[in-house]
Structure formats: C-alpha cells, structure tokens
Amino acid sequence: MDSSQGTGDYLAQAVALAVENVRSSGGPFGAIVVMADGRQFAGVNRVTANLDPTAHAEVTAIRNACQGVGSFDLSGATLYSSCEPCPMCLASSLWARIGRVYFAADRHDAADAGFDDALFYEYFAPGNDGALMPVAQAGPSAGTPVDPFDEWRANAARIDY
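Residues numbered from 1 in each chain as written. Predicted model: local features only at pLDDT ≥ 70, side-chain atom pairs only at ≥ 80, totals over all residues. Heavy atoms only, no water.

## A look at the sheet that holds strand 1 (residues 30-34)
The strands that make up a sheet are held in pairs by hydrogen bonds between backbone atoms, and each pair lies either parallel or antiparallel.
Step number 1: What the four strands build is an open sheet, ordered 2-1-3-4; its pairing is mixed. A strand with exactly one partner marks an edge of an open sheet, and here the two such strands are strand 2 (40-44) and strand 4 (100-105). When strand polarity is set aside, the average angle formed by the axes of neighbouring strands in this sheet is 15°.
Step number 2: Taken together, the five bridges between strand 3 (residues 78-83) and strand 4 define a ladder with parallel strand orientation. Along strand 4, the bridge assignment pairs Tyr80 with Tyr102. (Pairing = 2+ DSSP bridges. Helix = DSSP H or I, 4+ residues; strand = E, 2+ residues; numbered from the N terminus. Axes fitted to C-alpha atoms, helices over the stretch in contact; angles between N-to-C directions.)

## A closer look at the nonpolar core
The nonpolar side chains of soluble globular proteins are, as a tendency, buried together.
Step number 1: Counting residues in each nonpolar core, the largest one holds 17 residues, and the members touching the most others are Val33, Met35, Ile62, Leu74, Ala77 and Ile98.
Step number 2: Counting residues per element, the ones that place at least two in this core are strand 1, helix 3 (57-69) and strand 3.
Step number 3: For Ile98, the residues in contact, after removing those within four places along its chain, are Val33, Ile62, Leu74, Ala77, Thr78, Leu79 and Ser93.
Step number 4: Listed in part, the six residues of the second largest apolar core include Tyr10, Ile32, Val34 and Tyr80. (Core = buried A, V, L, I, M, F, W, Y, C linked by side-chain atoms within 4.5 Å. Buried < 20%, exposed > 50% of the residue type's maximum accessible area, 1.4 Å probe, protein only. Contact = heavy atoms within 4.5 Å.)

## Considerations on the state of the cysteines
Step number 1: Considering all chains together, one arrives at zero disulfides under this definition.
Step number 2: Distance from the sulfur of Cys66, which forms no disulfide, to the nearest cysteine sulfur (Cys89) is 14 Å.
Step number 3: Of all cysteine sulfurs, the one in Cys89 lies closest to Cys86, which takes part in no disulfide; the gap is 3.7 Å.
Step number 4: Note on Cys86: relative accessible area 7%, which makes it buried. (Disulfide = S-S within 2.5 Å.)

## Re the packing of aromatic side chains
Step number 1: If you walk through the whole model with that rule in mind, you get seven aromatic pairs.
Step number 2: Consider the rings of Phe29 and Phe115, whose centres lie 5.0 Å apart with planes at 85°: the pair is edge-to-face. Linking Phe29 in the loop between helix 1 (7-23) and strand 1 with Phe115 in the loop between helix 5 (107-112) and helix 6 (118-123), this pair joins segments that are 86 residues apart in sequence.
Step number 3: According to the relative accessible area criterion, Phe29 is buried, its value standing at 13%.
Step number 4: According to the relative accessible area criterion, Phe115 is partly exposed, its value standing at 34%.
Step number 5: Relative to Tyr161, the ring of Phe72 lies with its centre 5.8 Å away and its plane at 70°, an arrangement referred to as edge-to-face. Note that Phe72 is positioned in the loop between helix 3 and strand 3 and Tyr161 in the segment after helix 7 (148-154), a separation of 89 residues in sequence. (Phe/Tyr/Trp six-rings, centres within 6.5 Å; stacked < 30°, edge-to-face > 60°.)

## Thoughts on the packing of helix 3 against helix 4 (residues 87-95)
Step number 1: The interhelical angle for the contact between helix 3 and helix 4, taken along N-to-C directions, is 20°, at an axis separation of 8 Å. When the axis of helix 3 is compared with that of helix 4, the two are roughly parallel. Considering only the axes of helix 3 and helix 4, their crossing is left-handed. Packed against helix 3, whose contacting residues are Glu58, Val59 and Ile62, the element helix 4 presents Met88, Cys89, Ser92 and Ser93 at the interface. (Parallel < 35°, antiparallel > 145°, perpendicular 65-115°, else oblique. Left-handed = near helix turned anticlockwise from the far one by under 90°.)

The following block contains the structure:
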C-alpha cells in the first residue's frame with residue numbers, strides 16, 4: 001500500500017489482519033505501525049498460539065517496527081489497531097514514543113466478544129485499592145552487593161532511553 005493511504009485505509013488493513021489471524025488460530029486483533037517515512041510493520045494477536053500473554057497485536061507490531069527500523073524509538077510513527085488498545089498496549093506505545101494511535105472497534109465491542117479488559121482499566125483508575133493484584137515495594141536480602149541503578153549510572157557505554 002502506498003503513502004497516500006488515510007486513517008480509514010490503515011484501519012481497514014488492521015481489521016483485515018485481525019480477520020485473517022482468526023482464520024490462522026489467533027485472536028481477533030491486528031495492528032500496523034506506520035513510520036513517518038511510510039514504512040509499515042504489522043502485528044497480530046498470538047496470545048494463545050504462542051502461549052504469551054504479551055503477544056497482543058499492538059505489541060507485536062511495535063516489536064516488528066523496532067526490529068525493522070533498528071531502534072526502540074518510534075517517534076513520529078502512528079499505530080493503527082483493529083480495536084482499542086488495552087492498558088499494556090497503550091503503555092507499550094508510550095514507551096516506543098508512538099506519536100498517535102487510531103483504533104476501529106472499542107473496548108465495549110471487545111467485551112461483547114468475550115475480551116473484557118474493564119478490570120485492567122479500573123486497576124489504573126484513581127482510588128483503586130489494588131485488590132486485583134497487590135503491588136508493594138520490598139527490599140532485597142541483606143548483603144545484596146550491587147545496586148543496579150549505581151551500576152547503570154557508572155556504565156559509560158549505556159544507551160539512555
């Protein structure tokens with residue numbers, strides 16, 4: 001597809017990927033990362049096929065784009081998804097520095113099909129008590145020899161991100 005495509009065209013492509021993925025034993029989700037220069041990187045949901053709960057279409061497309069451009073920074077790229085990204089996929093988009101996200105179906109459409117992420121959205125909502133999954137800070141055993149952040153700061157060869 002050429003660079004004259006619009007948002008609807010990319011979303012149609014993401015939806016087509018999702019439909020084809022269902023036919024290939026995957027989940028009903030597809031995504032495309034389009035770089036500012038027009039390069040495209042697709043991803044589909046392979047959670048059950050790969051036994052990987054992080055293998056959402058958006059994350060897979062981001063992984064493919066990063067490998068394809070040789071960088072973890074996708075600044076200026078746009079993510080097109082067949083469905084509203086879940087909190088993990090949104091966070092992945094932020095970490096990748098994706099500039100904009102468009103989606104076709106929303107979280108309610110996904111819930112109607114049995115993919116209800118409402119608990120995950122609620123987990124990050126103000127006032128959540130953390131009952132779904134408590135998270136707490138704790139220290140390592142006494143005598144732990146190295147602080148990873150001290151090691152990081154001292155590493156002159158590090159690649160900041």
